[in-house]
Amino acid sequence: MYSQALNTKDTAAADASPDADRFQARIDAEERIEPNDWMPEAYRRTLIRQISQHAHSEVVGMLPEGNWITRAPSLRRKAALLAKVQDEGGHGLYLYSAAETLGVSREELTDQLLSGRAKYSSIFNYPTLSWADIGTIGWLVDGAAIMNQIPLCRCSFGPYARAMIRVCREESFHQRQGYEIMLTLCRGTPEQKAMAQDALNRWWWPCLMMFGPPDTESAHSDTSMRWKIKRFTNDALRQKFVDATVPQGQFLGLTFPDPELRLDEASGHWQFGTIDWDEFRRVLAGNGPCNRDRLTARQKAHAEGAWVRDAALAHAAKQQRKAA
Ligand code: FAQ
């Protein structure tokens, strides 16, 4: 049912036609590629793969936080969380629209997600056990998403790059609301601080996995970097995230669950311990703590929304008949 297993290195980009040379020259000159421009089939497929996985991540990513809307500790927190979850749904919609410009339909992509054939970010297969998890998701998950997505604003494919600008602005609001929850908890009672620490302990390593496998095992990085879809490798972005986040955690007075974490004075980078890539592979293979729940929730929502889609189609047909 789940096809999230890792692939081997990409060999798809070996197109040596004059069109491909011209295309690469445009990329090298930092020109934007638009939907009606000529593009190698492998470039189109790579974008559909990445953009649709990204869209699915936004939509599945609504579930862990949606779980806390009814239990947010105040009206202010509830309103902010509701707006944030709604934003994530909006990001999914921009991204599906960007993918559609490449000639794939929304229905096809939805079907890939609901049938378990499509990947979405590993991070959303972990449970949200306490209110501090909502702070941690904003601080760390949105923080990691921003680190990955700011460079995507310069992606060579126009519709994806443009969608990312608005997405990043919204994600930075999300990150701040998460950090503010953490700050409140860390300045609160000992129990609240312990709850924040427990959430950091559970989310830290899965957040580092969000950036994807190590560069030596990344199937698509080389090709995607050549096409300027990706501007940095997985490991480079992971390191940037650790460097930006450790001082934020120290300010909160929290301890990272990594005894090997230390600042390398010479390079100015935070060195961190070994990531459990077996856990990452297990989650991608469909065996994370919440994979089945997430898919079941999406399937249920899709089935229960059938009448809305039917009504919208019937309304559109009626409008068309009227206009004719
Ligand atoms: N989880 O060769 P690479 C968010 C897959 S949005 C699952 O390195 P690539 C907002 C990868 O797809 C979070 N699968 O691949 C939010 C590939 O599989 P395939 C999502 C993963 O594409 C916040 C295979 O492993 N963001 O959080 C993961 O060059 C809060 C080999 O990997 C994006 O999607 C993973 N963590 O680099 C929402 C950003 N990592 O297709 C709600 C755009 C790798 O061969 C609440 N995407 N895989 O079957 C990207 O930047 C890239 O696709 C990477 C992976 C960096 C994720």
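Let us look at the structure shown here. (Residues numbered from 1 in each chain as written. Predicted model: local features only at pLDDT ≥ 70, side-chain atom pairs only at ≥ 80, totals over all residues. Heavy atoms only, no water.)

1. Observations regarding the overall build of the protein chain
Of regular secondary structure, the protein chain possesses 13 helices and 2 strands. For a compact globule of 324 residues, the expected C-alpha radius of gyration is about 20 Å, and the protein chain comes in at 21 Å, within 12% of that figure. Along the longest, intermediate and shortest principal axes, the C-alpha atoms of the protein chain span 65 × 55 × 35 Å. Evaluated residue by residue, the protein chain yields a buried proportion of 50% over its 324 residues. At a minimum sequence separation of 6, the contacts of the protein chain that also span at least 24 residues come to 78%. Of the roughly 15600 Å² that the protein chain leaves accessible, carbon and sulfur atoms contribute 56%. The distance from the centre of the 40 positive side-chain charges to the centre of the 40 negative ones in the protein chain is 5 Å. (Helix = DSSP H or I, 4+ residues; strand = E, 2+ residues; numbered from the N terminus. Rg over C-alpha atoms; globule rule 2.2 N^0.38 Å. Buried < 20%, exposed > 50% of the residue type's maximum accessible area, 1.4 Å probe, protein only. Contact = heavy atoms within 4.5 Å. Areas by Shrake-Rupley, 256 points an atom, 1.4 Å probe, with all protein chains shown as cover. Lys, Arg positive; Asp, Glu negative; His and termini not counted. Charge placed at Lys NZ, Arg CZ, Asp CG, Glu CD.)

2. Structural notes on the pattern of salt bridges
Oppositely charged side chains are able to pair whenever their charged atoms sit close together. Enumeration over the complete set of coordinates arrives at 22 salt bridges. Salt-bridge contacts for R162 lead to E34; the nearest nitrogen and oxygen are separated by 2.8 Å. With a gap of 128 residues between them, R162 in helix α7 (residues 158-186) and E34 in the loop between α1 (18-28) and α2 (41-60) connect regions that are remote in the sequence. Overall, R162 belongs to the partly exposed group, its relative accessible area being 43%. Close ionic contact of D142 with K84 constitutes a salt bridge, the shortest N to O distance being 2.9 Å. (Salt bridge = Lys/Arg side-chain N within 4 Å of Asp/Glu carboxyl O.)

3. Observations concerning the layout of surface pockets
Once rolled over the atoms, a probe with the size of a water molecule shows which space is left empty. Taken as a whole, the second largest pocket spans an internal volume of roughly 630 Å³. R106, T110, R298, H302 and R309 are, among the 18 residues lining the second largest pocket, the residues nearest its centre. Within the residue set of the lining of the second largest pocket, elements represented by two or more residues are α4 (75-100), α5 (106-114), α12 (291-304) and α13 (306-323). It is α5 that provides the largest number of residues to the lining of the second largest pocket, a total of 6 residues. For the lining of the second largest pocket, a count of residues per class yields 9 nonpolar, 4 polar and 5 charged. (1 Å grid on protein atoms, 1.4 Å probe; cavity = no way out; pocket = protein on both sides within 12 Å on 5 of 7 lines; lining within 4 Å. Points joined across faces, edges and corners; volume = space filled by probe spheres on them. Nonpolar A, V, L, I, M, F, W, Y, C, P; charged D, E, K, R; others polar.)

4. Describing the packing of aromatic side chains
Summed over all chains, the structure comprises 11 aromatic pairs. Ring geometry for F23 versus Y43: centroids 4.8 Å apart, planes at 70°, classification edge-to-face. Taken together, the residues span a long stretch of sequence, with F23 in helix α1 and Y43 in helix α2 at a distance of 20 residues. Y43 gets classed as buried once you look at its relative accessible area, which sits at 0%. Chaining the aromatic ring pairs together yields one cluster made of W139, Y179, W204, F211, F241 and F256. Over the ring of W68 we find R71; its NZ or CZ atom is 3.9 Å from the centre of that ring. (Phe/Tyr/Trp six-rings, centres within 6.5 Å; stacked < 30°, edge-to-face > 60°. Lys NZ or Arg CZ within 6 Å of the ring centre and 35° of its normal.)

5. With respect to the packing of α4 against α5
Close contact between α4 and α5 brings their axes to 9 Å; oriented N to C, the two are set at 120°. Judged by the angle between their axes, α4 and α5 are oblique. For the pair α4 and α5, the sense of crossing is right-handed. Side by side, α4 and α5 meet where L93, Y96, S97, A99 and E100 of the first sit next to R106, L109 and L113 of the second. Considered class by class, the residues forming the contact of α4 with α5 number 5 nonpolar, 1 polar and 2 charged. (Axes fitted to C-alpha atoms, helices over the stretch in contact; angles between N-to-C directions. Parallel < 35°, antiparallel > 145°, perpendicular 65-115°, else oblique. Left-handed = near helix turned anticlockwise from the far one by under 90°.)

6. With respect to the site of the ligand
With respect to spatial proximity, 38 residues lie near the ligand, and among them Q53, K119, H220, K230 and N234 are the closest. Between the ligand and the protein, one listed contact pairs an oxygen atom with a side-chain N or O atom of K119 at 2.4 Å. Interatomic distance of 2.8 Å between a backbone N/O atom of A219 and an oxygen atom of the ligand. Relative to its unbound accessible surface of 1100 Å², the ligand loses 95% to contact with the protein. When contributions to the shell around the ligand are tallied by element, the ones reaching two or more residues are α2, α4, α6 (131-149), α7 and α11 (277-287). A total of 6 residues in the shell around the ligand trace back to one element, the largest contributor, which is α2. Residues of the shell around the ligand, tallied by class, amount to 14 nonpolar, 15 polar and 9 charged. (Near = heavy atom within 4 Å. Polar contact = N/O pair within 3.5 Å; in protein donor to acceptor, adjacent residues only side chain to side chain.)

7. Notes on the side chain of S121
Positionally, S121 belongs in the loop between α5 and α6. Take S121: its relative accessible area is 16%, and that puts it in the buried class.

8. Structural notes on the nonpolar core
Within the largest apolar cluster, 78 residues are counted, with the highest numbers of intra-cluster contacts made by Y43, L47, I51, W139, F157, Y160 and W204. Element by element, the count of residues in this core is highest for α7, at 11 residues. Residues in contact with F157, not counting those within four places in the same chain, are R32, I33, E34, P35, M39, Y43, L47, I51, A98, T101 and L102. (Core = buried A, V, L, I, M, F, W, Y, C linked by side-chain atoms within 4.5 Å.)

9. Some points on the packing of α5 against α12
One can describe the packing of α5 onto α12 by two numbers: an axis separation of 9 Å at closest approach and a directional angle of 140°. Accordingly, the angle class assigned to the pair α5 and α12 is oblique. The segment α5 lies against α12, with T110, L113 and L114 engaging L295, R298, Q299 and H302. Looking at the contact of α5 with α12 residue by residue, the classes come out as 3 nonpolar, 3 polar and 1 charged.

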